[in-house]
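Residue-level listing of the chains:
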Amino acid sequence: LKPLGSMRDRLKLQSQIPQKYTKAMATSSYCLPRLFFCIFSLALSIDHECGEDHSCDDLSVSLIQSSHRAAHRQYGRSDNGLDVVQKTAQYFWPSTVGQVGSLTSSRFVGPQDLSASLAWNWTDPRGRYYGVPAGATIDGEKNIYLQTNDAVRKFSPQGQLMWEWIPIRGPVEEMPDTGFLSQGAFYVSTTAGWIYAISMAAGDVLWKTKLPSTDPNNGWVTVHEGVVLTSSDARDEYKGQHREDKLADQFVTGLNASNGKVMWNFKPDAPVWNFMGSFAGDGTFTFQDYEGKAYRCRVDDGSLIWKNGGFENSWTDGTSLLGPNKVVYAVSNRDSNGGRDAPGDVSAYRLEDGKLLWRTEVPRPPNNLPAIGKLVGLSGLSLVQPIGQQCQQGAPTDVYALDAQSGEVQWIFNGPSQKSPLQAGDRIPEAMAQRALAGVRPITLPNPWSAPTIDSNGVVFIGNEEGPFYALADKDGDGQLTKAEVSSFDTKACFSGSAAAAIAPGMLVTTSIDAMYVFAH
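What comes next concerns the included structure. (Residues numbered from 1 in each chain as written. Predicted model: local features only at pLDDT ≥ 70, side-chain atom pairs only at ≥ 80, totals over all residues. Heavy atoms only, no water.)

### A look at the packing of aromatic side chains
Thought 1: Inspection of the entire model under this criterion finds 27 aromatic pairs.
Thought 2: Note on Trp306 and Tyr349: the rings are 6.4 Å apart at their centroids and 40° apart in plane angle, and the pair reads as tilted. Within this pair, whereas Trp306 is found in strand β21 (residues 304-309), its partner Tyr349 is found in strand β24 (residues 344-350), the two being separated by 43 residues in sequence.
Thought 3: Taking relative accessible area as the criterion, Tyr349 reaches 1% and is therefore assigned buried.
Thought 4: Between the aromatic rings of Phe413 and Tyr470, the centroid separation amounts to 5.0 Å while the plane-to-plane angle is 70°, which identifies the pairing as edge-to-face. Note that Phe413 is positioned in strand β29 (residues 409-417) and Tyr470 in strand β32 (residues 468-472), a separation of 57 residues in sequence. Note on accessibility: Phe413 and Tyr470 belong to one class, buried.
Thought 5: In this structure an aromatic cluster arises from ring pairing among Trp264, Phe266, Phe275, Phe285, Phe287 and Tyr295.
Thought 6: One Lys or Arg, Lys208, reaches over the ring of Trp194 and ends 4.3 Å from the middle of that ring.
Thought 7: Above the face of the Trp315 ring, Lys246 is positioned so that its terminal group lies 4.8 Å from the ring centre. (Phe/Tyr/Trp six-rings, centres within 6.5 Å; stacked < 30°, edge-to-face > 60°. Helix = DSSP H or I, 4+ residues; strand = E, 2+ residues; numbered from the N terminus. Buried < 20%, exposed > 50% of the residue type's maximum accessible area, 1.4 Å probe, protein only. Lys NZ or Arg CZ within 6 Å of the ring centre and 35° of its normal.)

### Some words on the pairing of strand β10 (residues 194-199)
Thought 1: The buried fraction of β10 is high, at six of six residues.
Thought 2: Burial along β10 is two-sided: the residues Trp194, Tyr196 and Ile198 and Ile195, Ala197 and Ser199 are all buried.
Thought 3: In the sheet, strand β9 (residues 185-189) pairs with β10 via five bridges, with the strands oriented antiparallel. Counterpart to Tyr187 in the pairing with β10 is Ala197.
Thought 4: From the end of β9 to the start of β10, which pair antiparallel, there are four residues, and Gly193 there has a positive phi angle of about 95°.
Thought 5: In this sheet, strand β11 (residues 205-210) lies alongside β10 in antiparallel orientation, the contact comprising five bridges. Across the sheet, residue Ile195 finds its bridge partner in β11, namely Thr209.
Thought 6: Linking two consecutive strands that pair antiparallel, namely β10 and β11, is a turn of five residues; a positive phi of about 85° is found at Gly203 within it. (Pairing = 2+ DSSP bridges.)

### Description of helix α4 (residues 429-438)
Thought 1: Turning to α4, its buried residues are Ala431, Met432, Gln434, Arg435, Ala436 and Ala438.
Thought 2: A positive backbone phi angle near 80° is found at Gly439, which sits one or two residues after α4.

### With respect to the sheet that holds strand β34 (residues 502-504)
Thought 1: Reading across from one edge, β3-β36-β35-β34 is the order of the four strands in this open sheet, with antiparallel pairing throughout. Two strands close off the open sheet at either side, each with one partner strand: β3 (118-122) and β34. Direction aside, neighbouring strands of the sheet carry axes that sit 15° apart on average. (Axes fitted to C-alpha atoms, helices over the stretch in contact; angles between N-to-C directions.)

### Looking at the sheet that holds strand β33 (residues 486-490)
Thought 1: Here we have four strands laid out as an open sheet, ordered β30-β31-β32-β33, and antiparallel in their pairing. Bordering the open sheet on either side are β30 (453-454) and β33, each of which pairs with just one other strand.

### Observations regarding the pattern of salt bridges
Close approach of charged atoms allows side chains with opposite charge to pair.
Thought 1: For the structure on display, the rule yields 23 salt bridges.
Thought 2: Across the pair Asp398 and Arg364 runs a salt bridge whose closest N-O atoms are separated by 2.6 Å. In this pair, Asp398 sits in strand β28 (residues 396-403) while Arg364 sits in the loop between β25 (356-362) and β26 (371-373), placing the two residues 34 residues apart along the sequence. In terms of burial, Asp398 and Arg364 fall into one category: buried.
Thought 3: A network of salt bridges, in which partner residues are shared, links Asp124, Arg126, Asp150, Arg153 and Glu164. (Salt bridge = Lys/Arg side-chain N within 4 Å of Asp/Glu carboxyl O.)

### Details of the environment of Ala431
Thought 1: Position of Ala431 relative to the elements: it lies in helix α4.
Thought 2: You can call Ala431 buried: its relative accessible area is 0%.
Thought 3: For the pair Ala431 and Tyr129, spaced 302 residues apart in sequence, the C-alpha separation works out to 5.1 Å.
Thought 4: Residues within four places of Ala431 in sequence aside, it is in contact with Tyr129, Gly425 and Pro442. (Contact = heavy atoms within 4.5 Å.)

### Here's the deal with the side chain of Lys154
Thought 1: The residue Lys154 is located in strand β6 (residues 151-155) in this model.
Thought 2: A polar contact is formed between the side chain of Lys154 and the backbone oxygen of Met200, at a distance of 3.0 Å. (Polar contact = N/O pair within 3.5 Å; in protein donor to acceptor, adjacent residues only side chain to side chain.)

Scope: geometric values only; no functional claims are made or implied.
Next up, the structure:
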């Protein structure tokens, strides 16, 4: 990779990549995960000098309204102002993985038959493949907030577009980290390091703050106790050494949710990848780095309480999760390469002191966020862990259900194997061309699965890289799911790893990399 200097060089690269990549894939059966993202992210333009606190003085927090430099079109707003005063707890699905305190698990029922319950769907009016949906959230009135890599749109439950916010982006700037609904605002980040608070009522920008950058992976922005959590400062660096193929955030950053002011930065032992902070509700939060080491820190100042685990010189595309049982579940691989049959580990740590409670080996890389909740026919909590190696033709994918208390395997679902060098929806030349025109990544290279969601009946909803969106339930308790225990809907496209099925009363929303689907029941 030659250095990218001028803006002309960057734009020239962006216009050439789809053709070059398509030609290369014709002779290669394996795509290096995130290689494309590394090329693009090296071209991120940081236009201002940043201080030691990783905020930029000359781009300091500004309280701005609709005069912000965005192509914003308003289609309607709430006259009674309910969106502004709603509390986060009143939102049905405030992040793409649900509610703080019960992440990945819903108190509502999902549809029983996916093939018969589709109510409506959305694709980008410019062309099906333009926007690259990252995930969806749902407020207390069942309005849907769809985030794509280039925009945020609000829809009514019936599919009416209420507003859209399309920021003016620099070259290769995107919004792959999914946002969060809190206190009347939608919080979201861009790879250029912009952190935004957007009005849920009208789509106006309430404030924005500039960090050095954020990595181009599929993470989450989370908000609780008045603090916005994100990762920041993307560099291809590992413990002070250059690491060619792993562009990742070096810091975890806390910002004031009211005004965007940077409160603190915390540097973990290894960079973070697909970062998500899980709030414990007691003034602390947990997360993991890309070696699988788990951390517990304080929300108000980012200070460390404990850290444990991880495998030195390893890398995972997965993410940790804090369960309602006060256990932190982290995932790890055993080296930085992975592979279709490379085993990995799921580890459980006690929230109080970080003590290892159990560790279970899984036969393939645990390159996804798990889910926790009660499953059909089982007592107690279960941990649902998707596994597989993405971007490798022929690599199988599976979903494991583990006993959340002991780590013992409860059931296994054998999903599809990757049919081609690229995943479904990524291997279409027309899709690559449309995304390039939209100024987003021509290929997405997502995780092997979406993030999983468990409904109140104990059914697991999850999307696969080959296109099927599944509802899984081991109804007979034999530990292996049969066709009769699986409902599916073929989206014909893969899913972002930070996207999960969003559930509200009588509604389920899922997003593939080219469409949003709304099921009613």
